[in-house]
Amino acid sequence: MRLKRLRDAGRAPIALTLDGAPVSAQDGDTLLTALLAGGAGHLSPNLFAQEPRAGFCHMGACQDCWVAVDGLGRVRACATPAADGMVVRRL
Ligand code: FES
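Residues numbered from 1 in each chain as written. Predicted model: local features only at pLDDT ≥ 70, side-chain atom pairs only at ≥ 80, totals over all residues. Heavy atoms only, no water.

Draft legend 1. Inspection of the layout of surface pockets at higher detail. When its volume is computed, the largest pocket comes out at roughly 300 Å³. Partitioned by chemical class, the residues of the lining of the largest pocket number seven nonpolar, four polar and three charged. (1 Å grid on protein atoms, 1.4 Å probe; cavity = no way out; pocket = protein on both sides within 12 Å on 5 of 7 lines; lining within 4 Å. Points joined across faces, edges and corners; volume = space filled by probe spheres on them. Nonpolar A, V, L, I, M, F, W, Y, C, P; charged D, E, K, R; others polar.)

So, in structure tokens, the structure goes:
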């Protein structure tokens, strides 16, 4: 899944990594928006079906967007603000 920005595309750029690969994002993105709009494609596999997931509710309810962030531990990507320099890993 890839998100395409339709508005607010001019915010300040930030950079993070997902599993060591660079991801370009914008200040004010949630981590989920940053990863999907930045081309991550998918997050961790679903715990039960083992299929790639990209979040479902995007509002902190479904638990389908867990990732690991250095210094923060395991977080829901849709409920975590993206920050410049974040080091993110799929679980
Ligand atoms: S996408 Fe549902 S909790 Fe994050």
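Still more ground to cover, so stick around.
Draft legend 2. Here's a closer look at the pairing of strand S3 (residues 66–69). Pairing of S3 with strand S4 (residues 73–76) involves four bridges; the strand directions are antiparallel. From the neighbouring strand, Val-67 faces S4, where its bridge partner is Val-75. Linking S3 back to S4 in an antiparallel pair, the connection comprises three residues, with Gly-71 at a positive phi of about 90°. The sheet contact formed by S3 and strand S5 (residues 87–89) spans two bridges and is antiparallel. From the neighbouring strand, Ala-68 faces S5, where its bridge partner is Arg-89. (Pairing = 2+ DSSP bridges. Helix = DSSP H or I, 4+ residues; strand = E, 2+ residues; numbered from the N terminus.)

Draft legend 3. The sheet that holds strand S1 (residues 13–18), seen in detail. The strand order across the open sheet built from five strands is S2-S1-S5-S3-S4, with neighbouring strands paired in mixed fashion. Because the sheet does not close on itself, it has two edges, and the strands there are strand S2 (21–26) and S4. Here the average twist between neighbouring strands, direction ignored, is 40°. (Axes fitted to C-alpha atoms, helices over the stretch in contact; angles between N-to-C directions.)

Draft legend 4. Layout of the nonpolar core. Judged by nonpolar contacts, the single largest core of 22 residues is most densely connected at Leu-16, Leu-31, Leu-35, Val-67 and Val-88. Broken down by secondary-structure element, the contributors of at least two residues to this core are S1, S2, helix H1 (31–37) and S3. Beyond its immediate sequence surroundings of up to four residues, Val-88 is in contact with Leu-16, Thr-17, Leu-18, Asp-19, Leu-31, Leu-35, Val-67, Ala-68 and Val-69. (Core = buried A, V, L, I, M, F, W, Y, C linked by side-chain atoms within 4.5 Å. Buried < 20%, exposed > 50% of the residue type's maximum accessible area, 1.4 Å probe, protein only. Contact = heavy atoms within 4.5 Å.)

Draft legend 5. Layout of the environment of Ala-79. Among the structural elements, Ala-79 can be located in the loop between S4 and S5. Note on Ala-79: relative accessible area 46%, which makes it partly exposed. Distance in space between the C-alpha atoms of Ala-79 and Arg-7 is 20 Å, their sequence separation being 72 residues.

Draft legend 6. Structural detail: the environment of Thr-33. Topologically, Thr-33 is positioned in helix H1. For the pair Thr-33 and Leu-3, spaced 30 residues apart in sequence, the C-alpha separation works out to 7.3 Å. Setting aside chain neighbours within four positions, we find Thr-33 in contact with Leu-3, Arg-5 and Gly-38.

Draft legend 7. Broad picture of the pattern of salt bridges. Counted according to the given criterion, the structure contains six salt bridges. A salt bridge links Asp-8 to Arg-7, with the shortest nitrogen-to-oxygen separation between them at 3.9 Å. In this structure, the salt-bridge partner of Arg-53 is Asp-64, at a minimum N-O distance of 2.6 Å. Here Arg-53 is found in the loop between H1 and S3, whereas its partner Asp-64 is found in the loop between H1 and S3, with eleven residues between them in sequence. Relative accessible area serves as the criterion here: at 26%, Arg-53 is assigned to the partly exposed category. Note on Asp-64: relative accessible area 13%, which makes it buried. Three or more residues are tied together by salt bridges with common partners; here these are Arg-5, Arg-11 and Asp-29. (Salt bridge = Lys/Arg side-chain N within 4 Å of Asp/Glu carboxyl O.)

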